Amino acid sequence: QVHGIVRRSSSFNTGRIEHLYKNPQAHIEGNMKLHYGDLTDSTCLVKIINEVKPSEIYNLGAQSHVKISFDLAEYTADVDGVGTLRLLDAIKTCGLINSVKFYQASTSELFGKVQEIPQKETTPFYPRSPYGAAKLYAYWIVVNFREAYNLFAVNGILFNHESPRRGANFVTRKISRSVAKIHLGQLDCFSLGNLDAKRDWGHAKDYVEAMWLMLQTDEPEDFVIATGEVHSVREFVEKSFKHIGKTIVWEGKNENEVGRCKETGKIHVTVNHKYYRPTEVDFLQGDCTKARQKLNWKPRVTFDELVKEMVDADIELMRNNPNA
């Protein structure tokens with residue numbers, strides 16, 4: 001049985017998990033049960049945890065958009081930082097310290113202005129956003145509960161993990177959606193921020209397996225989960241267009257740079273400074289040696305396969321629903 005917390009909204013916000021309902025059309029639950037709740041409301045967390053008495057808790061809830069965290073700094077701190085404390089306190093209040101295993105979705109954004117390459121479990125943290133700073137508090141409060149109360153609690157320091165389910169305002173999904181729309185003649189051009197930001201991109205399904213494996217060990221430990229490969233936003237754009245038979249040629253510099261289609265001469269990509277962060281994270285590359293050795297985990301989906309899957313999924317989506 002899987003229980004989840006869903007925030008109340010005036011419109012349905014369960015689009016990514018519709019297929020998990022016993023009856024998706026009627027939203028009838030089977031082995032998945034959803035509870036209304038919020039990480040800013042400690043009372044509801046205590047109530048839900050006390051009712052469900054779970055054996056494993058995965059805290060994947062967050063205001064997770066790094067750029068938006070600069071605009072919603074206090075909210076991000078409340079949900080991503082104090083929200084984690086509320087969950088841990090709820091476990092303690094419900095007397096489940098000795099029976100629950102707790103997974104905290106930590107992040108490569110903790111490394112921010114990187115202090116060594118590649119980044120591993122012992123690399124010093126240097127967050128560069130309200131999101132990273134909030135997640136840093138969450139990381140250390142998990143460590144504190146583990147050491148203070150002997151709670152089985154772990155931090156999964158996951159590097160960027162993508163899939164067709166990724167939110168539309170994240171850069172990878174923005175690229176795959178836009179390329180799909182251009183392929184179908186629904187769009188001519190789209191704008192991005194820093195084309196030269198480099199990330200260690202993996203597939204979400206590989207990384208979720210790693211989350212689960214962390215809670216199946218005998219002793220709670222924190223793990224870096226990554227592919228060890230680095231690719232730029234620019235490269236993600238090029239590979240996405242290549243998949244639909246277009247070659248992107250870059251012209252100009254900085255904010256005046258554009259990506260032009262070699263075959264047609266049309267400009268498909270422009271740069272807009274509004275998508276830049278006030279403090280940028282230029283380079284992230286993870287070292288998952290510990291996870292390979294202790295969890296016997298390794299990434300299976302390659303970067304090229306990830307890009308292809310995302311573009312194909314969005315072509316199918318946009319073909320059936322151009323306004324999606």
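Thresholds applied
- Residues numbered from 1 in each chain as written.
- Predicted model: local features only at pLDDT ≥ 70, side-chain atom pairs only at ≥ 80, totals over all residues.
- Heavy atoms only, no water.
- Buried < 20%, exposed > 50% of the residue type's maximum accessible area, 1.4 Å probe, protein only.
- Helix = DSSP H or I, 4+ residues; strand = E, 2+ residues; numbered from the N terminus.
- Arc of directions from axis to C-beta.
- Contact = heavy atoms within 4.5 Å.
- Polar contact = N/O pair within 3.5 Å; in protein donor to acceptor, adjacent residues only side chain to side chain.
- UniProt positions renumbered as here; feature names shortened; annotations may be inferred.
- Pairing = 2+ DSSP bridges.
- Axes fitted to C-alpha atoms, helices over the stretch in contact; angles between N-to-C directions.
- Phe/Tyr/Trp six-rings, centres within 6.5 Å; stacked < 30°, edge-to-face > 60°.
- Lys NZ or Arg CZ within 6 Å of the ring centre and 35° of its normal.

**Thoughts on helix α1 (residues 42-52)**
Because the α-helix completes a turn every 3.6 residues, residues three or four places apart line up on one side.
Link 1 in the chain: Three or more residues of α1 are buried, namely Cys-44, Leu-45, Ile-48 and Ile-49. Axial view of α1: buried residues confined to an arc of 125°, hence all on one face. Exposed side of α1, more than 90 degrees from the buried face: Thr-43, Lys-47 and Glu-51 are the residues found there.
Link 2 in the chain: Residues of α1 that are buried in the fold lie against β1 (2-6), β2 (32-36), β3 (56-59) and α3 (73-93).
Link 3 in the chain: Its side-chain oxygen placed 3.1 Å from the backbone nitrogen of Thr-43, Asp-41 serves as the N-cap of α1.
Link 4 in the chain: Note on α1: the residue one or two positions beyond its end, Lys-53, has a positive phi of about 50°.

**Notes on the UniProt feature "domain: NAD(P)-binding" (unreviewed entry) in the protein**
Link 1 in the chain: Those places that UniProt annotates as "domain: NAD(P)-binding" (unreviewed entry) correspond, in this numbering, to residues 1-310.
Link 2 in the chain: Structurally, residues 1-310 comprises 34% helix and 18% strand, and the distance from its first C-alpha atom to its last is 29 Å.

**Points about the sheet that holds strand β13 (residues 258-261)**
Strands belonging to one sheet form pairs held by backbone hydrogen bonds; the direction of such a pair is parallel or antiparallel.
Link 1 in the chain: Taken in spatial order, the four strands make up an open sheet running β7-β14-β13-β12, and their pairing is mixed. The outermost strands of the open sheet, each flanked by one partner alone, are β7 (190-192) and β12 (248-251). Going across the sheet, the axis of each strand differs from the next one's by a mean of 25°, ignoring polarity.
Link 2 in the chain: By the bridge criterion, three bridges tie β7 to strand β14 (residues 267-271) in an arrangement that is parallel. Residue pairing across strands places Phe-190 opposite Val-269, the latter belonging to β14.
Link 3 in the chain: The sheet contacts of helix α5 (residues 171-183) involve β7 and β14, and relative to β7 the element is tilted by about 160°.

**Considerations on the packing of aromatic side chains**
Link 1 in the chain: Under the definition given, this model contains eleven aromatic pairs.
Link 2 in the chain: Ring plane angle 90° and centroid distance 5.0 Å describe the contact between Tyr-139 and Trp-140, whose orientation is recorded as edge-to-face.
Link 3 in the chain: Consider the rings of Phe-190 and Phe-241, whose centres lie 6.3 Å apart with planes at 15°: the pair is stacked. Of the two residues, Phe-190 sits in strand β7 while Phe-241 sits in helix α7 (residues 233-243), which places them 51 residues apart along the sequence.
Link 4 in the chain: We classify Phe-190 as buried; its relative accessible area is 6%.
Link 5 in the chain: Cluster of aromatic residues (ring-pair linked, three or more members): Phe-111, Phe-125, Tyr-139, Trp-140 and Phe-159.
Link 6 in the chain: The ring of Phe-170 carries Arg-166 above its face, with NZ or CZ at 4.1 Å from the centroid.
Link 7 in the chain: The side chain of Lys-290 reaches across the aromatic face of Phe-223, ending 4.8 Å from its centre.

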